[in-house]
Amino acid sequence: MRVEEGFQPVPFVEGNPYSTDPVLPALLKRILPSEVFQDVDQDLTRFGGEVLTTMRELVQRATPPQLVQYDNWGRRVDDLRTSEGWRGLKDVYHREGIVAISYERKYREHSRPYAFAKLFITAADSDVTDCPMSMTDGVARVLELVGSPALKQDVLPRLISRDPVEAFTAGQWMTERPGGSDVSRAETVATPVAGATTQYGPQYRIDGFKWFSSATDSDVALALARTGRPEDGSRGLSLFLIPVRLPLIRPPGAPRPPALTNNIFIHRLKNKFGTKIVPTAELSIEGAEAYLLGQPNQGVKLITPVLNITRTHSAVGSVAYLRKSLAIATAHSHGRAIKGGRQLLKDTPLHVAELARLHVLYRALVHFVFGSIVLLGKTECGVATESESLRLRLMTPAIKAFAAEKCTTAMEECMTMLGGEGYMEENGITKLIQDGLVEKIWEGTITVLSLDLVRAVEKSPALDAFIQWAHDVLTSCSEELVKALDEPLANLRKALGVLPDAYKAPIPPLAPRPALFLFCHVASSLYLLEHAIWAFKASEPGYETDLEVFKRWVMEGGLDGALESVRRAKDASNDRVRADSTIVYGSGTKVKATARL
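Nothing here was measured: the structure is a model prediction, and the numbers come from that model.

Notes on the overall build of the protein chain
In terms of regular secondary structure, the protein chain is built from 21 helices and 11 strands. Within the protein chain, the proportion of its 597 residues that are buried is 54%. Relative to all contacts within the protein chain whose residues are 6 or more apart in sequence, the contacts with residues 24 or more apart total 74%. Carbon and sulfur atoms form 53% of the exposed surface of the protein chain, whose accessible area is close to 26100 Å². A distance of 4 Å separates the average location of the 70 positive side-chain charges in the protein chain from that of its 71 negative side-chain charges.

See the structure below:
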């Protein structure tokens, strides 16, 4: 039999990633003023079409980077060659204002949700292009806050430019060999250049080795380097802006300078599990020119805005990957038949039930992540209340951790929904899983983020602010809704009551991760409830579905399991800690009884 003969599978058809999404349009309608929503809705509908055409065509032409370290005469050149597709994808991001929108602030605090909504519908169809763009976004924010007047005049406009010819991208160089998220043992050293103060700030010479530099083809980078003593740990680190090539600012039309003009050498490109399109490298920095940002020895504090922004990009990316995977799985159910071809998957209750479970998770994550984005937009524009700013401190690590944890497994489930077709590379889900796994590591593992949440609770009244907001949401339910949602509301109130005890000091060594997940379940439930209340009051089409989604997420989405995990972790004795060590390392292993976290 020829391949053209016999049964022919029916290809699934994906719709516009914005207009056919079951969550985003209604969410934006709720959180944006009506006149802003009209503009944003129109632009996102247009851009959704570009995603299906322009972006996907560019992805087909995107190939992994190559490094040529020496030319044919044996001279060191470190020529980093990226593909036409990769460069084209970055150009589209610039033109569409994925970074620029948040700094143009045409819609004030609502510009952040607009920009992230635009990223959300394209992230899964742009081959990790958001990696350099997320760092560009973070570096722009740092320069906006602490950059010198000259940096704000020369560099900041290029970081937020919509012109691909003029626009800069930025990297973030923190990770070194002694530790990943732990920067206290950083070996890179910054030495002031005597008598050299440029218009961009005090000039330093940077020497060190950066083990993991994403977007090595960028124009500038933020880097931590030691200005204090090694024994000072992270308190001896300062923040610098490093031009990847010199001169930093060139006349219009001037060629890009050679790679080694600022004494930065590419040791090798990283051989990664996923994100293979991104030029990630190990860098040897041997006397690079750099400019101090802010005060010396304040680097960790000053780089925090970058982490907040890139962690938000990470959360959006995770959920965006799930969006596409779920859209594929749902579309497939319309064409795949079983029982001798007599019954479509969409008419098979057992199959639809699994799809529904994933859709409930997806809705919870979208509302959770965009709840944090709203707070970010308000905070950056100076219109956030004290309570909102405090809640953002909890939300940022939480959305990043929860989205990364939940989306990877959910994407695997979406793959199985296609059967053997799902395992094929050309259907796209496999690559989304490969690329999406990095979000569980990049910018902090879930364990690291859980400890970040502990520090936020210990050092500020952030949890009190969150609990007060939670009570405000709960009390905004009408009597009719209270009756309709009696059981899930009772469960949510119970979980909210446990939350302060989960973070009560001194927190046991095994409690941070379970406490993080409990917080995430409670917060995501509240955002679903907030949306359901709005939809019910406004008689929005589909409000019954919003109520049902809230019920299912609270009753079946894992809240009870999160409560049980917190109880078990709080009750665990040192015997449990010792038993863990014995299981992993064998008997006779000594564990410090005083170990906390």
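Overview of helix H18 (residues 512–537)
Every α-helix carries 3.6 residues per turn, so stepping three or four residues along brings you back to the same face. An ideal rise of 1.5 Å per residue puts 38 Å on 26 residues; H18 measures up with 37 Å between its terminal C-alpha atoms. With 22 of 26 residues buried, H18 is to be regarded as a mostly interior element.

Concerning the packing of helix H1 (residues 24–31) against helix H5 (residues 111–122)
The geometry of H1 relative to H5 is characterised by a closest axis approach of 12 Å and an angle of 175° between their N-to-C directions. One way to sum up the angle between H1 and H5 is to call them roughly antiparallel. Here Leu24, Leu28 and Ile31 of H1 lie close against H5, whose contacting residues are Pro113, Ala117, Phe120 and Ile121. Considering only residue class, the contact of H1 with H5 consists of seven nonpolar, no polar and no charged.

Points about the pattern of salt bridges
Enumeration over the complete set of coordinates arrives at 47 salt bridges. Across the pair Glu96 and Lys118 runs a salt bridge, and its minimum N-O distance is 2.8 Å. Linking Glu96 in helix H3 (residues 84–96) with Lys118 in helix H5, this pair joins segments that are 22 residues apart in sequence. There is no split in this pair, since Glu96 and Lys118 are both buried.

Comments concerning the packing of aromatic side chains
To describe a pair of aromatic rings, you give the distance between the ring centres and the angle between the ring planes. Tallied over the entire structure, the rule returns 13 aromatic pairs. Following the ring pairs from residue to residue traces out a cluster consisting of Phe368, Phe402, Phe517 and Trp553. One residue, Arg158, lies across the ring of Phe168, its end atom 5.9 Å from the ring centre. The ring of Trp211 has Lys270 sitting right over it, with the charged end atom 3.4 Å from the ring centre.

Let's talk about the pairing of strand E9 (residues 281–293)
The element E9 is extensively covered by neighbouring structure, given that 11 of its 13 residues are classed as buried. With nine bridges joining them, strand E5 (residues 201–213) and E9 adopt antiparallel strand pairing. Paired with Gly208 across the bridge in E9 is Ile285. Alignment of strand E7 (residues 237–243) against E9, held across three bridges, turns out to be antiparallel. Opposite Leu239, over in E9, you have Leu293 as the bridge partner. As defined by bridge partners, strand E8 (residues 264–269) adjoins E9 across five bridges and the pair is classed as antiparallel. Residue pairing across strands places Leu269 opposite Ala281, the latter belonging to E9.

Things to note about unusual backbone geometry
The omega torsion of the bond from Leu246 to Pro247 falls at 0°, within 30 degrees of zero and hence cis. With respect to the helices and strands, the residue Pro247 is situated in the loop between E7 and E8. Following Ala505, the chain continues into Pro506 via a peptide bond in cis, with omega recorded as -5°. For Pro506, the position within the fold is in the loop between helix H17 (486–502) and H18. The backbone of Ala215 sits at a positive phi, close to 55°, despite the residue not being glycine. Within the secondary structure, Ala215 sits in the loop between E5 and strand E6 (220–226).

Some thoughts on helix H14 (residues 446–459)
When the terminal C-alpha atoms of H14 are compared, their 20 Å separation across 14 residues agrees well with the 20 Å that a helix rising 1.5 Å per residue should span. Buried residues along H14 sit against helix H10 (304–332), helix H12 (386–416), helix H15 (462–475) and H18.

Focus on the pairing of E5
Bridge count for strand E4 (residues 189–198) against E5 is six bridges, and the pairing is antiparallel. Bridge pairing in E5 places Thr197 opposite Pro202.

Examining the environment of Ala410
Here Ala410 lies in helix H12. Remark: the alpha-carbon pair of Ala410 and Ser134, spanning 276 residues in sequence, is separated by 24 Å.

Here we look at the nonpolar core
A general feature of soluble globular proteins is that nonpolar side chains tend to end up buried together. Judged by nonpolar contacts, the single largest core of 165 residues is most densely connected at Leu28, Phe120, Phe466, Tyr503, Leu518 and Phe519. If you tally residues by element for this core, the top one is H18, at 15 residues. Phe466 has contacts with Arg391, Leu394, Leu496, Leu499, Phe519, Val522, Ala523 and Leu526, leaving out every residue within four places of it along the chain. Formed by 19 residues, the second largest nonpolar core is a distinct cluster that contains Ala225, Val244, Ile264 and Leu283.

Description of a nonpolar patch on the surface
A surface patch of nonpolar side chains, amounting to about 410 Å² of accessible area, comprises Ile583, Val584 and Tyr585. Mapped onto the elements of the fold, Val584 is located in helix H21 (residues 574–585).

Some remarks on the side chain of Ser111
Mapped onto the fold, Ser111 is located in helix H5. Among residues more than four places away in sequence, those in contact with Ser111 are Ile101, Ser102, Arg105 and Lys106.

Overview of the environment of Arg56
Tracing the chain through its elements places Arg56 in helix H2 (residues 34–60). C-alpha of Arg56 to C-alpha of Asp125: the two residues are 69 residues apart in sequence and 6.1 Å apart in space. Residues within four places of Arg56 in sequence aside, it is in contact with Glu14, Val51, Asp125 and Lys324. A polar contact of 3.0 Å, which involves the side chain of Arg56, links it to the side chain of Glu14. Here Asp125 takes part through its side chain, which lies 2.8 Å from a polar atom of the side chain of Arg56.

Details of the side chain of Lys400
Residue placement: Lys400 occurs in helix H12. In this structure, Lys400 is buried with no salt-bridge partner, the nearest side chain bearing the opposite charge being Glu439 at 5.5 Å. A polar contact is formed between the side chain of Lys400 and the backbone oxygen of Gly444, at a distance of 2.7 Å. Not counting residues within four places of it along the chain, the set of residues in contact with Lys400 comprises Arg311, Ser314, Ala315, Glu439, Lys440, Ile441, Trp442, Glu443, Gly444 and Leu449.

The rules we used
Residues numbered from 1 in each chain as written. Predicted model: local features only at pLDDT ≥ 70, side-chain atom pairs only at ≥ 80, totals over all residues. Heavy atoms only, no water. Helix = DSSP H or I, 4+ residues; strand = E, 2+ residues; numbered from the N terminus. Buried < 20%, exposed > 50% of the residue type's maximum accessible area, 1.4 Å probe, protein only. Contact = heavy atoms within 4.5 Å. Areas by Shrake-Rupley, 256 points an atom, 1.4 Å probe, with all protein chains shown as cover. Lys, Arg positive; Asp, Glu negative; His and termini not counted. Charge placed at Lys NZ, Arg CZ, Asp CG, Glu CD. Expected span 1.5 Å × (residues − 1). Axes fitted to C-alpha atoms, helices over the stretch in contact; angles between N-to-C directions. Parallel < 35°, antiparallel > 145°, perpendicular 65-115°, else oblique. Nonpolar A, V, L, I, M, F, W, Y, C, P; charged D, E, K, R; others polar. Salt bridge = Lys/Arg side-chain N within 4 Å of Asp/Glu carboxyl O. Phe/Tyr/Trp six-rings, centres within 6.5 Å; stacked < 30°, edge-to-face > 60°. Lys NZ or Arg CZ within 6 Å of the ring centre and 35° of its normal. Pairing = 2+ DSSP bridges. Core = buried A, V, L, I, M, F, W, Y, C linked by side-chain atoms within 4.5 Å. Patch = residues over 30% accessible without salt bridge, like charges linked within 9 Å, V, L, I, M, F, W, Y side chains within 5 Å. Polar contact = N/O pair within 3.5 Å; in protein donor to acceptor, adjacent residues only side chain to side chain.

Read these as geometric descriptors, not functional statements.
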